[in-house]
Amino acid sequence: MAKKIRSTSLRDPETPDVDFAEKRQLVQVSDFADKTFAGVARSGGIITLAIMAAVGIFLALRAQAALETQGWNFLTETAWTPENGKFGIAAVLFGTVTIAIIALFVSVPLGLGTALFISEVLPERIKGFAISLVDLMAAVPSVVFGIWGVFFLQANIIPISYWVSSTFGFIPFLAVTDGSGNPLTDPSAFTSSAVIAGFVVGLMVVPTQTSVMREAFSQTPLGEKEGALALGATRWGMIRAVVLPFGRGGIIGGTMLGLGRALGETIAVYMIISPIFEINPQILKSGTNSVSSLIALRYGEASDNGLSALMAAGLVLFLITLVINFTASSIVANSRSGAESN
Amino acid sequence: MTLKSSKNKGTTHLPDNTILAQQPKKRSLRKFRFEDVLDLIGSAASSFAFTWLLFGWLTPLQSTIGFVVFNFFLFLVMYGLISSIKNRGQEIRDRLVSVLLFSAGIILISALLFVVFYTLSRGQLALGNLNFFTQSMERAGPLDPLYVGGILHAVVGTLIQITIALALTIPLGIGTAVFLNEIGGKFAKFVRTIADAMTALPSIVAGLFVLSAFIRTGVVPRSGLAAALAITVMMLPIVIRASDVVLRLVANNLREASLALGASKWRTVWHIVLPTARSGLVTAVILGTARGIGETSPVLLTSGVSSVTNFNPFEGPMISLPLQVFDFVKSPEPTMIARGFGTAATLLLVVLVLFALARALGGKAPGNLTKRGQRAVNRKSAEDQNRIETLMSKSSVIERT
């Protein structure tokens, strides 16, 4: 009896008791080719890791020299004169963040709307075409957006900037004033502003955001959508009750991925802005700066000290985009829509 | 329990068709009704008329973009008003949101297409001259007309740089992706995390890394090779990530079937996993290439501008297409700007072709074959069947004797 309880009753009690405690060991015999393969694949991984680690460690080491001389002043100083030992990224970081936020104001409504439009409104026939088109736009080089911004947008946006600043000038960041607070009217005061750069960068990151969001929306369980429609919801009711909550991870993740790219964008911003080294809170006024265009501007004239100062600025930018990317991917992976895809 | 239904057998009630016929016709649920079209036309017309009156007649407003923006908002208001005659709140909201979604999609797609076509149309001027592709800028100054000088040097530079970058990226990237998926383990997870982190590396920082680690230390001079290294640092994480996703999509039962048939791990990867994921891997590499070709700032930092055709990647500056665009449009001369747009158009066309290639070769889930591939597989398996059958018949003959 005791035996029967111990061993589960699948076996016939009449059969002699086989000792199952001794499970046969499965040994995977790897031959020479297998071992070589494992070795080669592993060394591929190691080389990749080494390259990545080298970039990170090298950046950190070289930046350290510059950071040690400046301490926390590095984050609060606006001037950039490494030759005098006085430099900080307050102004460039402010510009970088301003441009990225303006870019998000352009890209998020457009991207969200387009993602919903493609996944919920467009008929199946043209859906594939629209998806390819948006994905293709994600591969358009940033220099193309840059020349569009310089030669087309710049000229056409000035009247609007002027109108906005004269109408809504009472809002501090929309005003365009000179040092003593008098409004400026000259068109040249409106060129090369953070708004123009932000607009171009926004258009550049929209395709990435759209495809992340659309991917999340397209995974909404059909049963839940049909359930909402069957209960009498309109299309918008269905989107609000089912699709948007389901794709929330995708919306946040896509937005942050776009933010990461907007912060790191170099050449389009560099072509549009006129660099200054002071904090300019008037986003319509000419003159702003960004970390990456600072590097592009100063790499040539930099001495070894100057180079490590630039490295420090690059390191801060990298850390910011790193945190944003990791947050984004963990949000996407932990959301319902991202659970299967990752 | 007795079966009660046996008592009622033979009485089937047919539905009364006359009642069904009397009911009104079924309303189609999805179709856009004629009234809805009229609603749209009506609100468009009234909002346009109203805006037209405001701009120039009643008030001194005048601006094309202001006109469009005002017209759009007025259209939304009018459409909401007209919808509210017949519909309730839910329906009105649904209609307004539909209009907003349509406009978001159309605005975005047309804006992006506009960027592309603006470049292509302004590039025509330079692209029309054949010498644009056969000469370099060595003997052409900023004041020279468009029939002198070209971008051969930039095309050569881009080709050499991307070839070196691909020669480094493809084996390393796909090898690492195979390692992440087929070998696995804690170390692989760590490598995956680091590779994901590196996708966040801004391109200019990659350039700065090569500049200060290789060029300033004297290991590699400012050259095409240095630029290719910077592009590799940019492309590698992208390719690893994309191929990792593709390899993960290969069905596990294929691997298990192969292992169960006695194939070794290496043979499973070489004969089952990689061929199954081939189209996806090609797509991953091509998309990485498209990103790598478009990078400007790493090349600016590591190789620099030149106007001479340089075939040697180990020595001397070697310009690439995007950097040439950047350099051309810095000049105030109209011909240089035209050349800049021509170069940008060329670059854009290269990216378009690469993308089309990626779509044609890949774009299919692992295991889905093209018609030609399917035919080849069928032929192979017919051959196998033939072979096995002849073997069987031979062995049965031997058994009988």
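Residues numbered from 1 in each chain as written. Chains lettered and ligands numbered in written order. Predicted model: local features only at pLDDT ≥ 70, side-chain atom pairs only at ≥ 80, totals over all residues. Heavy atoms only, no water.

So, the overall build of chain B
So, point 1. When helices and strands are tallied, chain B shows 16 helices and 0 strands.
So, point 2. Sorting the 401 residues of chain B into buried and exposed places 42% on the buried side.
So, point 3. Counting only contacts in chain B whose residues sit at least 6 apart along the sequence, the fraction spanning at least 24 positions is 68%.
So, point 4. When the accessible surface of chain B is split by element, carbon and sulfur atoms take 66% of a total near 22,500 Å². (Helix = DSSP H or I, 4+ residues; strand = E, 2+ residues; numbered from the N terminus. Buried < 20%, exposed > 50% of the residue type's maximum accessible area, 1.4 Å probe, protein only. Contact = heavy atoms within 4.5 Å. Areas by Shrake-Rupley, 256 points an atom, 1.4 Å probe, with all protein chains shown as cover.)

Concerning the overall build of chain A
So, point 1. Helix and strand counts for chain A come out as 13 helices and 2 strands.
So, point 2. In terms of overall size, chain A is more extended than a compact globule, its C-alpha atoms giving a radius of gyration of 28 Å where 342 residues would be expected to give roughly 20 Å.
So, point 3. Seen through its C-alpha atoms, chain A measures out along the principal axes to roughly 105 × 60 × 40 Å.
So, point 4. Buried residues in chain A amount to 50% of all 342 residues.
So, point 5. A separation of at least 24 residues holds for 72% of the contacts in chain A among residues at least 6 apart in sequence.
So, point 6. For chain A, the accessible surface area stands at approximately 16,400 Å², while carbon and sulfur atoms represent 64% of it. (Rg over C-alpha atoms; globule rule 2.2 N^0.38 Å.)

Comments concerning a nonpolar patch on the surface
Residue and element names in this part refer to chain B.
So, point 1. The grouping of Phe 34, Val 37, Leu 38 and Ile 41 at the surface amounts to a nonpolar patch, some 400 Å² of accessible area in total.
So, point 2. With respect to the secondary-structure elements, Val 37 resides in helix 2 (residues 34–54).
So, point 3. Since its relative accessible area comes to 33%, Val 37 is described here as partly exposed. (Patch = residues over 30% accessible without salt bridge, like charges linked within 9 Å, V, L, I, M, F, W, Y side chains within 5 Å. Salt bridge = Lys/Arg side-chain N within 4 Å of Asp/Glu carboxyl O.)

Comments concerning the packing of aromatic side chains
So, point 1. Considering all chains together, one arrives at 24 aromatic pairs over all chains under this definition.
So, point 2. Ring centres of Phe 58 of chain A and Phe 209 of chain B lie 5.7 Å apart, and the angle between their planes is 85 degrees; on these two criteria the pair is classed as edge-to-face. Linking Phe 58 of chain A in helix 2 (residues 32–70) with Phe 209 of chain B in helix 8 (residues 203–215), this pair reaches from one chain into another.
So, point 3. Since its relative accessible area comes to 22%, Phe 58 of chain A is described here as partly exposed.
So, point 4. For Phe 209 of chain B, a relative accessible area of 6% translates into the label buried.
So, point 5. Ring centres of Phe 75 of chain B and Tyr 79 of chain B lie 5.8 Å apart, and the angle between their planes is 5 degrees; this geometry places the pair in the stacked category. Here Phe 75 of chain B and its partner Tyr 79 of chain B are both found in helix 3 (residues 64–86), 4 residues apart, which amounts to about one turn of the helix.
So, point 6. The exposure class of Phe 75 of chain B is buried, given its relative accessible area of 15%.
So, point 7. The rings of Trp 148, Phe 151 and Phe 152 of chain A together with Phe 114, Tyr 118 and Phe 341 of chain B are connected pair by pair, giving a single aromatic cluster. (Phe/Tyr/Trp six-rings, centres within 6.5 Å; stacked < 30°, edge-to-face > 60°.)

Topic: the interface of chain B and chain A
So, point 1. In this assembly, 80 residues from chain B lie in contact with 78 residues from chain A.
So, point 2. Taken over both partners, the interface formed by chain B and chain A buries close to 7,200 Å², and the fraction arising from carbon and sulfur atoms is 80%.
So, point 3. Our count for the chain B to chain A interface comes out at 0 salt bridges.
So, point 4. Taken together, chain B and chain A are joined by 11 residue pairs in polar contact (both at pLDDT 80 or more). (Buried area = accessible area lost by both parts, 1.4 Å probe. Polar contact = N/O pair within 3.5 Å; in protein donor to acceptor, adjacent residues only side chain to side chain.)

Digging into the packing of helix 8 of chain B against helix 9 (residues 224–248) of chain B
Two packed helices can be described by the angle between their axes and the distance between those axes.
All names here are of chain B.
So, point 1. Relative orientation of the contacting elements helix 8 and helix 9 amounts to 135 degrees, with a least axis distance of 9 Å. In terms of orientation, helix 8 and helix 9 fall into the oblique class. As helix 8 runs across helix 9, the sense of the crossing is right-handed. Across the interface between the two elements, Ser 203, Ala 206, Gly 207, Val 210, Phe 214 and Ile 215 of helix 8 pack against Ala 226, Leu 229, Ala 230, Val 233 and Met 234 of helix 9.
So, point 2. Here the contact of helix 8 with helix 9 is composed, by residue class, of 9 nonpolar, 2 polar and no charged. (Axes fitted to C-alpha atoms, helices over the stretch in contact; angles between N-to-C directions. Parallel < 35°, antiparallel > 145°, perpendicular 65-115°, else oblique. Left-handed = near helix turned anticlockwise from the far one by under 90°. Nonpolar A, V, L, I, M, F, W, Y, C, P; charged D, E, K, R; others polar.)

Considerations on a positive patch on the surface
So, point 1. A contiguous patch of positive charge on the surface is contributed by Lys 371, Arg 372, Arg 375 and Arg 379 of chain B.
So, point 2. Under the relative-accessibility criterion, Arg 375 of chain B is labelled exposed at 52%. (Lys, Arg positive; Asp, Glu negative; His and termini not counted. Charge placed at Lys NZ, Arg CZ, Asp CG, Glu CD.)

Some words on the side chain of Ser 264 of chain B
So, point 1. One can find Ser 264 of chain B in the loop between helix 10 (252–260) and helix 11 (265–276).
So, point 2. Judged by relative accessible area, which is 16%, Ser 264 of chain B ranks as buried.
So, point 3. Contacts of Ser 264 of chain B, omitting those with residues within four sequence positions, involve Asp 31 and Asp 34 of chain A together with Leu 259 of chain B.

Regarding the nonpolar core
So, point 1. In terms of nonpolar packing, the biggest core is built from 155 residues, with Trp 80 and Leu 310 of chain A touching the most fellow members.
So, point 2. Ranked by the residues each element gives to this core, the list is headed by helix 13 (residues 304–334) of chain A, at 13 residues.
So, point 3. Taken together, domain 1 (35–125) and domain 2 (152–369) of chain B each give at least three residues to this core, which thus spans both.
So, point 4. If near-sequence neighbours (up to four positions away) are discounted, Leu 310 of chain A is found in contact with Trp 80, Leu 294, Ile 295, Arg 298, Tyr 299 and Ala 302 of chain A together with Leu 208 of chain B.
So, point 5. Listed in part, the 20 residues of the second largest apolar core include Leu 122, Phe 217 and Val 243 of chain A together with Val 97 of chain B. (Core = buried A, V, L, I, M, F, W, Y, C linked by side-chain atoms within 4.5 Å. Domains from an automatic or database assignment.)

Some words on the environment of Gly 342 of chain B
Residues and elements named next belong to chain B.
So, point 1. Position of Gly 342 among the secondary structure elements: in helix 15 (residues 334–361).
So, point 2. Taking relative accessible area as the criterion, Gly 342 reaches 0% and is therefore assigned buried.
So, point 3. If we skip the residues at most four places from it in the chain, Gly 342 touches Gly 123, Ala 126, Leu 127 and Phe 132.

Brief notes about the pattern of salt bridges
So, point 1. The full count for this structure, using the stated rule, is 10 salt bridges over all chains.
So, point 2. Between Arg 214 of chain A and Glu 215 of chain A there is a salt bridge, with the nearest N and O atoms lying 3.6 Å from each other.
So, point 3. One network of salt bridges, with partners in common, ties together Asp 36, Asp 39 and Arg 95 of chain B.

Observations concerning the packing of helix 7 (residues 186–198) of chain B against helix 9 of chain B
All names here are of chain B.
So, point 1. Two elements in contact, helix 7 and helix 9, have axes separated by 8 Å at closest approach and are oriented at 130 degrees. Taken together, helix 7 and helix 9 sit at an angle that is classed as oblique. Every pair of crossing elements has a handedness; the one defined by helix 7 and helix 9 is left-handed. Between helix 7, through Arg 192, Ala 195, Asp 196 and Met 198, and helix 9, the contact on the second element is made entirely by Pro 237, Ile 240, Arg 241, Asp 244 and Arg 248.
So, point 2. Within the contact of helix 7 with helix 9, the residues separate by chemical class into 4 nonpolar, no polar and 5 charged.

Here's the deal with the domain arrangement of chain B
It is common to give the size of an interface as the accessible area lost on bringing the parts into contact.
All names here are of chain B.
So, point 1. Considered domain by domain, chain B is made up of domain 1 (35–125) and domain 2 (152–369).
So, point 2. Taken together, the contact pairs 7 residues of domain 1 with 8 residues of domain 2.
So, point 3. In total, domain 1 and domain 2 occlude about 630 Å² of area from one another, counting both sides; carbon and sulfur atoms represent 86% of this.
So, point 4. Its largest share of buried area at the contact with domain 2, domain 1 owes to Thr 119, Leu 120 and Arg 122, together 63% of the area lost on that side.
So, point 5. For the interface between domain 1 and domain 2, the tally reads 0 salt bridges.
So, point 6. Applying the counting criterion to the domain 1 and domain 2 interface returns 0 residue pairs in polar contact (both at pLDDT 80 or more).
So, point 7. In terms of residue class, the side of domain 1 that touches domain 2 is built from 4 nonpolar, 2 polar and 1 charged.

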